[in-house]
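Listed here are the chains, written in short residue letters.
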Amino acid sequence: MNAPTKIVTRFPPSPTGFLHIGSARTALFSWLYARHHGGTFLLRIEDTDRERSTQAAVDAIFEGMKWLGLDWDNKDVVFQFARRDLHAKVAYEMLEKGLAYKCYCTQAELEEMRNHQKANGLPMRYDGRWRDRTDHPKDLPFVVRLKAPQTGETTVKDRVRGEVTVQNSQLDDMVLLRSDNTPTYMLSVVVDDHDMGVNTIIRGDDHFTNTFRQVQIIKAMGWPMPEYAHVPLIHGSDGQKFSKRHGALGVDEYRKMGYLPEAMRNYLLRLGWSHGDDEFITTKQAIEWFNLEHIVSSPARFDYVKLDSVNAHYMREMADADLANEIAPRLQEITGNAVTDAQVAMLAKGMAGLKQRAKNLKELAESAVFYVLSRPLPLNDGAKKILTTDAKAMLAQLRTVIDGLNDFSAHSIETAIKDHATAQGKKMGDAAQPLRAALSGSNVSPPIFEVASILGKQEVLARINDVL
RNA sequence: GACCCCUUCGUCUAGAGGCCUAGGACAUUACCCUUUCACGGUAGUAACACGGGUUCGAAUCCCGUAGGGGUCGCCA
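What counts, and where the lines are drawn
- The residue count restarts for each chain, going from 1 along the sequence in the order it is written.
- Chain A is the first chain written and ligand 1 is the first ligand written, with later ones labelled in order.
- With pLDDT at 70 or above as the cut-off, local features in this predicted model cover only qualifying residues; side-chain atom pairs require 80 or more to be listed or tallied, and sums for whole chains, interfaces and linings still use all residues.
- Processing note: side-chain calculations cover all non-hydrogen atoms of the structure and skip hydrogens and water entirely.
- Paired strands, in this sense, are two strands between which DSSP finds at least two bridges.
- The secondary structure listing takes helices from DSSP runs of H or I that are at least 4 residues long and strands from runs of E that are at least 2 residues long, numbered from the N terminus.
- All axes here are fitted lines through C-alpha atoms, helices being fitted over the stretch that makes contact, and every angle between N-to-C directions spans 0 to 180 degrees.
- Pairs were defined over the aromatic rings of Phe, Tyr and Trp, the Trp ring being its six-membered one, requiring ring centres within 6.5 Å. Orientation was assigned from the angle between planes: stacked under 30 degrees, edge-to-face over 60, tilted for the rest.
- Note on criteria: charge over ring means Lys NZ or Arg CZ within 6 Å of the ring centre, with the direction from the centre no more than 35 degrees off the ring normal.
- A molecule or strand has a residue near it when one of that residue's heavy atoms lies within 4 Å.
- Pairing of N or O atoms within 3.5 Å defines a polar contact, subject to two protein rules: one partner must be a possible hydrogen donor and the other a possible acceptor, and residues neighboring in sequence count only if both atoms are side-chain atoms.
- We call Asp, Glu, Lys and Arg charged. Ala, Val, Leu, Ile, Met, Phe, Trp, Tyr, Cys and Pro are nonpolar, and the rest, Gly among them, are polar.
- Under the convention used throughout, the expected extent of a helix is 1.5 Å for every residue step, that is, one less than its residue count.
- Think of it in three bands: with a 1.4 Å probe and only protein chains considered, a residue is buried below 20% of the maximum accessible area for its type, exposed above 50%, and partly exposed in between.
- Working definition: the arc comes from the directions between the helix axis and the C-beta atoms, pointing outward to the latter.
- Between two residues, a contact is recorded if the distance between any of their heavy atoms is within 4.5 Å.
- By convention a crossover is right-handed if, when the strands point away from the viewer, the path from the first strand over the helix to the second runs clockwise.
- For our purposes a nonpolar core is just a set of buried Ala, Val, Leu, Ile, Met, Phe, Trp, Tyr and Cys residues, chained together by side-chain atoms within 4.5 Å.
- Two kinds of site are reported from a 1 Å grid over the protein atoms alone, namely cavities, where a 1.4 Å probe fits but cannot get out, and pockets, open sets with protein on both sides within 12 Å along at least five of seven lines, and residues are called lining when an atom falls within 4 Å of a point.
- Grid points are joined across faces, edges and corners, and a volume is the space filled by probe spheres set on the points.
- Each angle is binned into one of four classes, with values under 35 degrees roughly parallel, values over 145 roughly antiparallel, values of 65 to 115 roughly perpendicular, and all other values oblique.

**Q** Quick rundown of the sheet that holds strand 8 (residues 175-177)? Include the residues and the values.
**A** Across the sheet, three strands lie side by side as 4-5-8; this open sheet has antiparallel pairing. Looking at the sheet topology across the chains shown, the edges are occupied by strand 4 (100-103) and strand 8. In this sheet, neighbouring strand axes are inclined to one another by 45° on average, regardless of whether the strands run parallel or antiparallel. Here four bridges tie strand 4 to strand 5 (residues 143-146), and the two strands are oriented antiparallel to one another. If you follow A100 over to strand 5, its bridge partner there is L146.

**Q** So, the packing of aromatic side chains: which residues are in play, and what are the values?
**A** One pair of aromatic rings is described through two measures. These are the centre distance and the angle between the planes. Overall, the coordinates contain 13 aromatic pairs when judged by the stated rule. Across from the ring centre of F142, 4.6 Å away, lies the NZ or CZ of K102, which sits over that ring. Stacked on the ring of W130, the Lys or Arg R133 has its end atom at 3.6 Å from the ring centre.

**Q** Before we move on, could you go through the protein's contact with RNA strand B and cite the residues and values that matter?
**A** Within the structure, RNA strand B sits among 67 residues, and M124, R178, Q356, R357 and R436 are positioned closest to it. A breakdown of the atoms of RNA strand B within 4 Å of the protein gives sugar and phosphate a share of 68%. Interatomic distance of 3.3 Å between a side-chain N/O atom of T48 and a phosphate oxygen of RNA strand B. Here a base oxygen of RNA strand B and a side-chain polar atom of S179 are 2.9 Å apart. Taken together, the residues of the surface near RNA strand B sort by class into 23 nonpolar, 24 polar and 20 charged.

**Q** Quick rundown of helix 4 (residues 107-119)? Include the residues and the values.
**A** Helix length check: helix 4 (13 residues) gives 18 Å between terminal C-alpha atoms against 18 Å at 1.5 Å per residue, within 8%. Listing the buried residues of helix 4 in full gives L110, M113 and Q117. Across the axial projection of helix 4, the buried residues extend over an arc of 60°, all falling on one side. Along helix 4, the residues that are exposed and aim more than 90 degrees away from the buried face are Q107, A108, E112, K118 and A119. Along its buried surface, helix 4 packs onto strand 5.

**Q** I'd like a description of the pairing of strand 10 (residues 227-231), backed by residues and values.
**A** Within strand 10, four of the five residues are buried, leaving the element largely enclosed by the surrounding structure. Pairing of strand 9 (residues 200-204) with strand 10 involves five bridges; the strand directions are parallel. Paired with R203 across the strands is H230, a residue of strand 10. At this point the chain moves from strand 9, through helix 6 (residues 208-221), to the parallel strand 10, and the crossover so formed is right-handed.

**Q** Please set out the nonpolar core residue by residue, giving values where relevant.
**A** Ranked by size, the top nonpolar core spans 106 residues in total, and within it F302 and Y371 carry the most contacts. If one sorts the elements of this core by residue count, helix 1 (residues 21-36) sits on top with nine residues. Apart from residues lying up to four places away in sequence, Y371 is in contact with M346, L347, G350, L354, V451, I454, L455 and R463. A100, L176, F208 and V215 belong to the second largest nonpolar core, which has 34 residues in total.

**Q** Provide a residue-level description of empty space enclosed by the protein, including the pertinent values.
**A** Taken as a whole and assessed by the stated rule, the structure comprises one cavity of 30 Å³ or more. One number sums up the size of the largest cavity: a volume of about 30 Å³. In this structure, the largest cavity is lined by R25, V231, P232, L233, G272, V296, S298, P299 and A300.

**Q** How would you sum up the packing of helix 17 (residues 428-440) against helix 19 (residues 457-467)? Please name residues and give values.
**A** Look at helix 17 against helix 19: their axes get within 8 Å of each other, and the N-to-C directions meet at 100°. Judged on the interaxial angle alone, helix 19 and helix 17 are roughly perpendicular. Across from L435, A438 and L439 in helix 17, the residues of helix 19 making contact are V460, R463, I464 and V467. For the contact of helix 17 with helix 19, a count of residues per class yields six nonpolar, no polar and one charged.

So, in structure tokens, the structure goes:
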């Protein structure tokens, strides 16, 4: 009997820039898969590119993962560079066993070879010229290359792609160890995944062809074969590659734009995975439902409009007080003034009317700013247009009406103003719109009697006076 | 160029040979609600890339074509 294998997944970003949104999705999938199976989700920083790796990028990865709520199980995150000697050891072991060989080609020589191949329409791959040579020069730098099988075929079983077979003649002898004795990525990933006990590799489709090469190392070493699941890439909204130059952003940017982590998770999950017709999937449900079978096999386009709608949904589900606290720093940034506790309380009261009018935290803060702005309020063009002489005359009357109110509930204010407007032979809008302009400085706001009630009689009267 | 993968409404997707006159969501259009803007409600427009097979029957299986993507580094 086979003992049930504990699922071990991993997320191995390289710290050479921000945490890419596409990477965030494969991280999410890997995390979900591990959590679903009660397995382990590991984080490994692939910092072997010393030129491009930075501490800032490492921090960005940690922060991005935390923000997204993707917790990893290895308290000591693996840094790949620190394990380079272990990787090199494997290369030498393979050399000894005759599974690899030394290649003394210079960069220039390789370049010439590739140019020749390109010019003649030949497949571009290393031709194995040192594979069987024994006349090794002394004291010259060399790289260690895998002695890959040249005949037959290699089949990769992928949980998304199915079984894919490639002729071994298509694969060349890749470099395992560089001439400076450092391991290449191809070697490092395989060794690390093996040593970390990773048995399920969920990663971007851009790694798919690499898999055939990596499988050669695993086979040569006689290690257990992990399960692969290659997830199609995310494209930009125009269908083009989602690169830094082409609209791709780091997760931190999405936070700044005002998206909620739970909304990001839901959106990213649905972008490339489905559970029937379900659109809003909580993280709890996602863990319960996630599988590899329903990963979509074609690339998806990133769509802000849909993200907005998902985000709007989660914002409306959030507690008003939490939302008020969430936008406080943004308001402070807009107004330049600290937001007081009393103001946060006021914002919480106004949140019901505010949150159904915004798609993200940024919009929410912008639409809420009139609550905390100090008087006199700046008026936007719409408000200026509303505040005609007639409108001001109406406001002057409303001032008296409002001043006489004992019950300052939204309903009470509405009734009083409606009655007054009707008595004057005017429509509700003739009173409500000028009031909106005075209280919010805008022609667009939450229900204005609700706003008035939350603002309080004193502030309402003062704001009316400001525009008269 | 070689190899590999992908192709359902504008977008994300459901679809495992008859349940499909192809469903849902976002977007969009119209109407309703309404003090503004939204929210909400109702209705609508809108897709199986193309061509051949297989089958009584194909969005679903096979082949080809076209389009798109990925990989071909001493980057990861």
